[in-house]
Amino acid sequence: MTTTSNRIAAGVERGAPFSFTVDGQPVEAYPGETLAGALLAAGRRLARRTAWRDEPRGAFCFMGVCHDCRMVVDGVPNVRTCLTVARAGMVVEMQLGFGPPPPLGDSAPEARR
Amino acid sequence: MRTGEVVVVGAGPAGITAAVEASRAGARVLLIDEGPAVGGQIYRQVATELRPGSGAGGNGYAADSAPLFASLAASGVEVWSDTEVWGIFPDRVLAIHRGGRSMRLQAGGLVLATGAYDRPVAFPGWTLPGVVTAGGTTALIKSQRIIPGRRVLLAGTGPLLLAAAAALVRGGAEIAGIAIAASRTAFLGLLRRPAALGKAIDVLATLKRAGVPMWNGHGIVRVEGREGVERAVVAQWDAAWRPVPGTERVIDVDTVVVGYGLMASSELAQLAGCDVTYHAGQGGWVPVTAPDRFMATSVPGVFVAGDGAGVAGAEAGKLQGELAGLGAARHAGKLTDGDAAARAKAPLRDLGKMASFRRALERMHAPEPGLFELAEDDTIVCRCEEVTAGEVRQAVGDGARLVTEVRAATRCGMGLCQGRLCIPTVAGLIERYAGTLTTSVGRLTARPPVRPLPVTALADEA
């Protein structure tokens, strides 16, 4: 799967691409894309592994309802990647179980939309 | 606390129409939506930074949505996007989350147009990455212009499933097949409305041109793969949606799109204290209301419209929105009884004309018992808390007959999605294991916050 194969060319004029990282690997994204969208376009479906059965999960509902697309974004766990717009330099990581404790005095990036 | 003459929650077709109608009646109107732009799910817009080009872009509903967006822009309605309502308290006080802060808002007349989400169906493998919902697929394509996979199987029922398939074809995906639970004749009832007929012909022509195999009277059995979808198994289904032995076929795909109808998002109406009733074909628990009372609920000043008031599609939603907008403006003292009744005549008449279309839609969306027999003992029912069908069976065997009793015994429904993705299945499983009708197993009590809320937002409450 190439990095652009899931992007539909017709109907939009995409801006200049930028990159963020997922588990240390660079991922290309275009302005306006959500993290979940950019990751899917890059062929990456795994968002997290579950706490009890260690099962893989990825985006399911794409509208903020199911919470299965949660990842650790810039150190903050439980960020719904389907609602979070990708920004250059974001550090995105697979979430294991409930994820690391959130940094004190901060709120989730999706809350700062 | 800020006050508004009329507040509308949800900026899909029903909510936008309600807001514009109330504004035309002379009310100051605030329209609140959790998305980044108005449109809701069906009229979801391309993300603004992706700059929709001319031609093939847009949401696929441009002819319907453009006039609506234009009328909203021309109205005096104030729009708050990226804003979640997390609670409703007595006297129509809304608790909202906006820009990282929580605040309260008092509404003179309140319209809830909260929409719907895809019915969750628990079958073996439904939690694998690569299994996605039909509504989610269309949302991703409309707003991001990204398809969820390259080789796709679709399974479900109703017009949304076929619309998702057509959008995937136009987006360049290869469709391995569509397993449609409803029989071919069930779709004929939908064609009594000319507007629906035009869209159906367009969708079917797209699928036919692409040579997409459509299997009527078929359904999903399971999905297999290690770290994600590798193959799906479909089978012929009988009238009760039970697989016919010996008809299974295995299909290699990377993505499975599931769409067995929609569930009404009625949590906010429930939080507001509105009486609800169970309607399988309209998406479960829906507020008790009547079009000839301006879509009023049992709570004075609270009106509902659109799929959140019972799934009926965008066209019915707009007509209900007109009525609810009039009702809310009237409640806020902006319309006389006579004026409101006169303006309600046309939408009421048009809604009446849609009755047979709506009945056909409801028949198609009401799940048959086989849908709740796909889950095996080790199939996950609650995606958040990882509760299996076997654990639910055990709880029912121990005497649980209400969804709240199953929740207490298993943690099913206690996770971040607040039961939206498991309770419809739990209700079906109680009927499967104990024979208790879905209408008698109760529901979870909606409690604030109905959306996840950082504690820091509460600390800063404005």
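Each remark here, short or long, concerns the structure printed above.
Quick summary incoming for the structure in this document. (Residues numbered from 1 in each chain as written. Chains lettered and ligands numbered in written order. Predicted model: local features only at pLDDT ≥ 70, side-chain atom pairs only at ≥ 80, totals over all residues. Heavy atoms only, no water.)

**Thoughts on the overall build of chain B**
When you go through chain B residue by residue, the secondary structure sums to 14 helices and 21 strands. For 462 residues, the compact-globule formula gives about 23 Å, and the C-alpha radius of gyration of chain B, at 22 Å, lands near that figure. With the principal axes as the frame, chain B shows a C-alpha extent of 65 × 55 × 40 Å. Counting all 462 residues of chain B, 60% fall into the buried class. Here chain B displays about 17200 Å² of accessible surface, and carbon together with sulfur accounts for 52% of that area. Averaging the coordinates of the 47 positive side-chain charges in chain B and doing the same for the 43 negative ones gives two points 6 Å apart. (Helix = DSSP H or I, 4+ residues; strand = E, 2+ residues; numbered from the N terminus. Rg over C-alpha atoms; globule rule 2.2 N^0.38 Å. Buried < 20%, exposed > 50% of the residue type's maximum accessible area, 1.4 Å probe, protein only. Areas by Shrake-Rupley, 256 points an atom, 1.4 Å probe, with all protein chains shown as cover. Lys, Arg positive; Asp, Glu negative; His and termini not counted. Charge placed at Lys NZ, Arg CZ, Asp CG, Glu CD.)

**Some thoughts on helix H3 (residues 134-144) of chain B**
Among the 11 residues in H3 of chain B, 11 count as buried, and that is most of the element. Buried residues of H3 of chain B: Ala134, Gly135, Gly136, Thr137, Thr138, Ala139, Leu140, Ile141, Lys142, Ser143 and Gln144 of chain B, and no others. Those residues of H3 of chain B hidden inside the fold are in contact with helix H1 (35-41) of chain A together with strand S7 (116-118), strand S8 (131-133), helix H4 (159-170) and strand S15 (255-260) of chain B. Backbone nitrogen of glycine 136 of chain B and a side-chain oxygen of the N-cap are separated by 2.9 Å at the start of H3 of chain B; the cap is threonine 133 of chain B. (Contact = heavy atoms within 4.5 Å. Polar contact = N/O pair within 3.5 Å; in protein donor to acceptor, adjacent residues only side chain to side chain.)

**Overview of the packing of aromatic side chains**
The geometry of an aromatic ring pair is captured by two quantities: the separation of the ring centres and the angle between the planes. Taken as a whole and judged by the stated rule, the model has seven aromatic pairs over all chains. Between tryptophan 52 of chain A and phenylalanine 98 of chain A the ring centres are 5.9 Å apart and the planes differ by 70 degrees, which places this aromatic pair in the edge-to-face class. Of this pair, tryptophan 52 of chain A sits in the loop between strand S3 (48-49) and strand S4 (56-57) while phenylalanine 98 of chain A sits in the segment after strand S8 (95-96); the two residues are 46 residues apart in sequence, bridging distant segments of the chain. Summarising the burial analysis for this pair, tryptophan 52 of chain A and phenylalanine 98 of chain A share the class exposed. Of the aromatic side chains, those joined through ring pairs into one cluster are Trp237, Trp241 and Tyr260 of chain B. The residue whose ring lies beneath arginine 249 of chain B is tryptophan 215 of chain B, and the NZ or CZ to ring-centre distance is 4.4 Å. A cation over a ring is seen here: arginine 443 of chain B above tryptophan 285 of chain B, with NZ or CZ 5.5 Å from the ring centre. (Phe/Tyr/Trp six-rings, centres within 6.5 Å; stacked < 30°, edge-to-face > 60°. Lys NZ or Arg CZ within 6 Å of the ring centre and 35° of its normal.)

**Thoughts on the sheet that holds strand S7 (residues 91-93) of chain A**
Residue and element names in this part refer to chain A. Judged by pairing direction, the sheet is mixed, and its five strands sit side by side in the order S2-S1-S7-S5-S6 without closing on themselves. Single-partner strands in this sheet number two, and they are strand S2 (25-29) and strand S6 (76-80). For this sheet the average axis-to-axis angle between neighbouring strands, irrespective of direction, equals 40 degrees. (Pairing = 2+ DSSP bridges. Axes fitted to C-alpha atoms, helices over the stretch in contact; angles between N-to-C directions.)

**Considerations on the pairing of strand S9 (residues 151-157) of chain B**
All names here are of chain B. For S9, the buried fraction is high: six of the seven residues fall into the buried class. As judged from the six bridges shared by S9 and strand S10 (residues 174-180), these two strands associate in the parallel manner. Across the sheet, leucine 153 pairs through a bridge with glycine 177, a residue of S10. Between the parallel pair S9 and S10, the chain is carried across by H4, and the sense of this crossover is right-handed. The pairing of S9 with S15 spans six bridges and is classified as parallel. Pairing of alanine 155 across the sheet is with valine 258, part of S15. (Right-handed = clockwise from strand over helix to strand, strands pointing away.)

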